[in-house]
Amino acid sequence: MIYNPVFEWETLRNVADRLFSNLGGYQTSGYDAAPANLYDGKDGYLIQIAAPGVKSEDVKVDYSGDVLTVSVKRAIETDSKDEKKLLRSERGNYDFTRSFSLSDDIDIEKIEAKVMNGLLLIHMAKKPESKPKKIEVKVK
Amino acid sequence: MEKTKLVPPVDVYETGDKYILVLDMPGADKEKIEVTAENEKLTVKGTAAVVSEEWTPLSSEFALGDYFREFTIGHKIDQEKIDAKYDNGVLTVELGKSELAKPRKIEVKLN
C-alpha cells in the first residue's frame, strides 16, 4: 500500500472510522512507499515526496545511468508503552526505494535535494540547450 | 477552483496527565496552523501551499491544500492546558487532562 498522507473526503474517513471503531485494532505494519508528485518547469524538473517526520539523514538520492533512485526511511515512534499508551494509530513507518527514469535533458551536475517542512524536494535542472529557445529571425 | 480539503492522519497517545495528538501535515505553513478548542471540540487547521503555476504537473500522487480535522474532546481536557508545535511536517498537540479525566485513587474505608 502506498502511504497516503491525507484523505480527500472526510466523509469517507468517517465511514471507515465507524467500520473499524469496534475492532480495536490498528495498522502497525507501516507502508511500502510515500507518494510523489512530478512537475515540469521552464528550467528544470521537480519531484515532491510527502515525507512528514523524515529526517534528512534518512533520505538517500542517487543518480546512475539516467535513473534517479530515492530511498526514504521514516522511523517515527509507533510503540505503545504503559506510561504512554497508543490509543489510535493512523500514521505508519516506511523504508522504501523508488526509481525515476530521467529524460536526457537533465543536467546531472545540477540535481539538488532537500527536506523541508515534511516534504522531500528534488530539483533537477535542465541542460541549457533543452530550454525552449527564442530565435529572432531578421527579415530583410 | 475550490481547494481540496485534506484530512491528516493522526496518532493518539495517552499519558497519566495528558493526551497527545500527532498529525502528519506535510508542507504546512507554520504561521497558518490553527488549533482551537471550543464547545468540547478541538479543531486543527493548516494550509500547505501548492507549487507555483510555472510548474506543470506530470504526475500527481498526493494533494496539497487546506488541512482540516476535528476531534471531540468532551470534558476530558483542560482547555487552558493545550500546547502545539510543528516540526518537519508533523504537528504535535498536547492536551492536558482536566481533573475529571485524571486517574484517581479512591480510598475505601472498611468498617
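Our structure's up above, just so we're on the same page.
On a predicted model such as this, the values are computed, not experimentally measured, just so you know. (Residues numbered from 1 in each chain as written. Chains lettered and ligands numbered in written order. Predicted model: local features only at pLDDT ≥ 70, side-chain atom pairs only at ≥ 80, totals over all residues. Heavy atoms only, no water.)

Trainee: So what's going on with the overall build of chain B? Residues and values would help.
Mentor: Scanning chain B from N- to C-terminus turns up zero helices and nine strands. Counting helices and strands in the order they occur from the N terminus, chain B gives β-β-β-β-β-β-β-β-β. Taking 2.2 N^0.38 as the reference for a compact globule, 111 residues should give roughly 13 Å; the C-alpha atoms of chain B span a radius of gyration of 19 Å, well beyond that estimate. The C-alpha extent of chain B, read off along each of the three principal axes, is 80 × 25 × 20 Å. A buried classification covers 44% of the 111 residues belonging to chain B. Taking all contacts inside chain B whose residues are at least 6 apart in sequence as the whole, residues at least 24 apart take part in 57%. Of the accessible surface of chain B, which amounts to about 6900 Å², a share of 48% is contributed by carbon and sulfur atoms. Taken as two groups, the 16 positive and 22 negative side-chain charges of chain B have centres that lie 8 Å from each other. (Helix = DSSP H or I, 4+ residues; strand = E, 2+ residues; numbered from the N terminus. Rg over C-alpha atoms; globule rule 2.2 N^0.38 Å. Buried < 20%, exposed > 50% of the residue type's maximum accessible area, 1.4 Å probe, protein only. Contact = heavy atoms within 4.5 Å. Areas by Shrake-Rupley, 256 points an atom, 1.4 Å probe, with all protein chains shown as cover. Lys, Arg positive; Asp, Glu negative; His and termini not counted. Charge placed at Lys NZ, Arg CZ, Asp CG, Glu CD.)

Trainee: How would you sum up the sheet that holds strand β7 (residues 106-116) of chain A? Please name residues and give values.
Mentor: The strand order β7(A)-β8(A)-β2(A)-β1(A)-β6(B) describes an open sheet built from five strands, whose pairing is antiparallel. With partners counted over all chains shown, the strands left at the sheet margins are β7 of chain A together with β6 (56-60) of chain B, one partner each. Averaged over neighbouring strand pairs, the angle between their axes works out to 20° when direction is ignored. Two strands pair when backbone bridges link them, and strand β1 (residues 36-40) of chain A and strand β2 (residues 44-50) of chain A are joined in this way by five bridges, in the antiparallel orientation. Across the sheet, Tyr-39 of chain A pairs through a bridge with Leu-46 of chain A, a residue of β2 of chain A. (Pairing = 2+ DSSP bridges. Axes fitted to C-alpha atoms, helices over the stretch in contact; angles between N-to-C directions.)

Trainee: Any chance you could break down the interface of chain B and chain A for me, citing the residues and the numbers?
Mentor: Many analyses report the size of an interface as the accessible area lost when the parts associate. Across the boundary between the two partners, chain B contributes 40 residues, which contact 48 residues of chain A. Together chain B and chain A conceal approximately 3600 Å² of surface at their shared face, both sides included; 55% is due to carbon and sulfur atoms. Taken as a group, Tyr-13, Trp-55 and Phe-62 of chain B account for 20% of the area that chain B buries against chain A, more than any other trio of residues on that side. For the pair chain B and chain A, the number of links is 23 residue pairs in polar contact (both at pLDDT 80 or more). (Buried area = accessible area lost by both parts, 1.4 Å probe. Polar contact = N/O pair within 3.5 Å; in protein donor to acceptor, adjacent residues only side chain to side chain.)

Trainee: Account for the nonpolar core, naming residues and giving values.
Mentor: By size, the foremost hydrophobic cluster in this structure holds 29 residues, and its most contacted members are Leu-21, Leu-23, Met-25, Leu-42 and Leu-91 of chain B. When contributions to this core are tallied by element, the ones reaching two or more residues are β2 and β8 (119-126) of chain A together with β2 (10-14), β3 (18-24), β5 (41-47), β7 (66-72), β8 (77-87) and β9 (90-97) of chain B. Those residues in contact with Leu-91 of chain B, other than ones at most four positions away along the chain, are Leu-21, Val-22, Leu-23, Met-25, Ile-33, Val-35, Val-44, Ala-84, Lys-85 and Tyr-86 of chain B. With 20 residues, the next largest nonpolar core counts Ala-33, Tyr-45, Val-59 and Leu-102 of chain A among its residues. (Core = buried A, V, L, I, M, F, W, Y, C linked by side-chain atoms within 4.5 Å.)

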